[in-house]
Amino acid sequence: MSASGGTKAIVAALAANLAIAVAKFVAFIFSGSSSMLAESVHSLADSGNQGLLLLGGKKAQREATPQHPFGYGRERYIYAFLVSIVLFSVGGMFAIYEGYEKIKHPHPIEAWYWPVGVLVFAIIAESFSFRTAIKESNAIRGGLSWTDFVRRAKAPELPVVLLEDLGALVGLVLALGGVGLALATGDGVWDGIGTLCIGVLLIVIAIVLAAETKSLLLGESAGIDDVKKIEAAVVDGDTVTRLIHMRTLHLGPEELLVAAKVAVRHDETASEVANAINAAEERIRAAVPIARVIYLEPDIFSESAAAAGENPAKAPGGPAAH
């Protein structure tokens, strides 16, 4: 997995979640707090999720085969989508069930110092993990806001870890609030309410992750900046006179497919056109290194066909032009 895949952030989150999951489960055994049980399952689910992200990154590195000629880059998207399913089912739905049961059958929290101590420890550990994810993200997000970064990132790992860590921190605060109110009032219902809130939070995060990774699975185009770089690199002003139309598609976070129809001079020889196309491909790869699969089709530009607009079926050189 490349550096942009956030391997450091994933490993940091995995280590933190494994330690926190054990601590929370021990606290549940001694205190009987449903918030602690929900949070221990949440941390265990997060640990599994980080394992899925690492596995997806490993599988994505496989070489292309005749059956999969464009490689396995989208494995990372598939495993990120699985993370959202695990977070929804194992984390969110379990917490809602536990919260409902605790509200329906409340009981006081025993050995209060266990859940409180573990929650404070977990908040500190999750904060370090969250800080690592933020640092890794800042290295690649540029001037994007955090919302835009999560929505536009082509590598799914960092947005997943960021949202998981954010959800974990908010969930820990909710758990601490539920336990604190249960201790202050002597009513275990508050512990159940805190657990229920954790479940709702996890389901919301899972839905956001599912929506974003679904978009990546369906296939997203290159970012605006990369598109502009490619458009500028295609035309040489000599043999390749203009870009007629272009489509881009991410085959993986660090692999881009570029397909374009370019206008060439009508009096150029086949050899000259071929050399110009090869030169254009080299310029594109120099401008956008992740553009690894490039198909350029030469054509003669038609003003009348250009008036048809950007519809590929009506684009110059397309079906309507022949």
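Definitions and cut-offs
- The residue numbering used here restarts from 1 in each chain and proceeds along that chain's sequence as written.
- Predicted model: local features are reported for residues with pLDDT of at least 70 only, side-chain atom pairs are reported and counted for 80 or more only, and whole-chain, interface and lining totals are derived from all residues.
- Hydrogens and waters are ignored; side-chain quantities use all the structure's heavy atoms.
- Only Phe, Tyr and Trp rings are paired, with Trp represented by its six-membered ring, and only when their centres lie within 6.5 Å; those with planes under 30 degrees apart are stacked, over 60 edge-to-face, the remainder tilted.
- To qualify as a helix, a DSSP run of H or I must reach at least 4 residues; to qualify as a strand, a run of E must reach at least 2; elements of each kind are numbered from the N terminus.
- Accessible area is worked out with a 1.4 Å probe on protein chains only. A residue is then buried under 20% of its type maximum, exposed over 50%, and partly exposed in between.
- For patches, a residue must show more than 30% relative accessible area and have no salt bridge; joins then use 9 Å for like charges and 5 Å for nonpolar side chains, namely Val, Leu, Ile, Met, Phe, Trp and Tyr.
- Note on areas: these come from Shrake-Rupley sampling with a 1.4 Å probe, and a residue is covered only by the protein chains present in the view.
- Criterion for a salt bridge: a side-chain nitrogen of Lys or Arg within 4 Å of a carboxyl oxygen of Asp or Glu.
- Charge convention: Lys and Arg are scored as positive, Asp and Glu as negative, and His as well as the terminal groups of each chain are ignored.
- Lys charges are placed at NZ, Arg charges at CZ, Asp charges at CG and Glu charges at CD.

Asker: Lay out the packing of aromatic side chains in plain terms, naming residues and giving numbers.
Answerer: The geometry of an aromatic ring pair is captured by the separation of the ring centres together with the interplanar angle, meaning the angle of the planes. Tallied over the entire structure, the rule returns four aromatic pairs. With a centroid separation of 6.0 Å and 40° between ring planes, the pair formed by Phe25 and Phe28 is classed as tilted. Of this pair, Phe25 and Phe28 are both found in helix H1 (residues 7-31), three residues apart, which corresponds to roughly one turn of the helix. For Phe28, a relative accessible area of 23% corresponds to the partly exposed category. Judged by centre distance (4.6 Å) and plane angle (10°), the rings of Phe30 and Trp114 are stacked.

Asker: Go over a negative patch on the surface with me, naming the residues and quoting the values.
Answerer: On the surface, Asp236, Asp238, Asp267 and Glu272 cluster together to form a negatively charged patch. In this structure Asp267 comes out as exposed when scored by relative accessible area, which is 56%.

Asker: Can you tell me about the pattern of salt bridges, naming the residues and giving the values?
Answerer: Two side chains of opposite charge can pair, provided their charged atoms sit close to one another. Within the structure shown, the criterion is met by eight salt bridges. Put simply, Glu157 and Arg76 hold a salt bridge, and the shortest N to O gap is 2.8 Å. Taken together, the residues span a long stretch of sequence, with Glu157 in helix H6 (residues 157-185) and Arg76 in helix H3 (residues 75-104) at a distance of 81 residues. One exposure class covers both Glu157 and Arg76, and it is buried. In this structure, the salt-bridge partner of Glu254 is Arg76, at a minimum N-O distance of 2.8 Å. Here the residue Glu254 occupies a position in the loop between strand S1 (240-252) and strand S2 (255-264), and Arg76 occupies one in helix H3, the gap between them amounting to 178 residues. Its relative accessible area of 18% is what places Glu254 among the buried residues. Among the residues examined, Arg76 registers a relative accessible area of 5% and is labelled buried.

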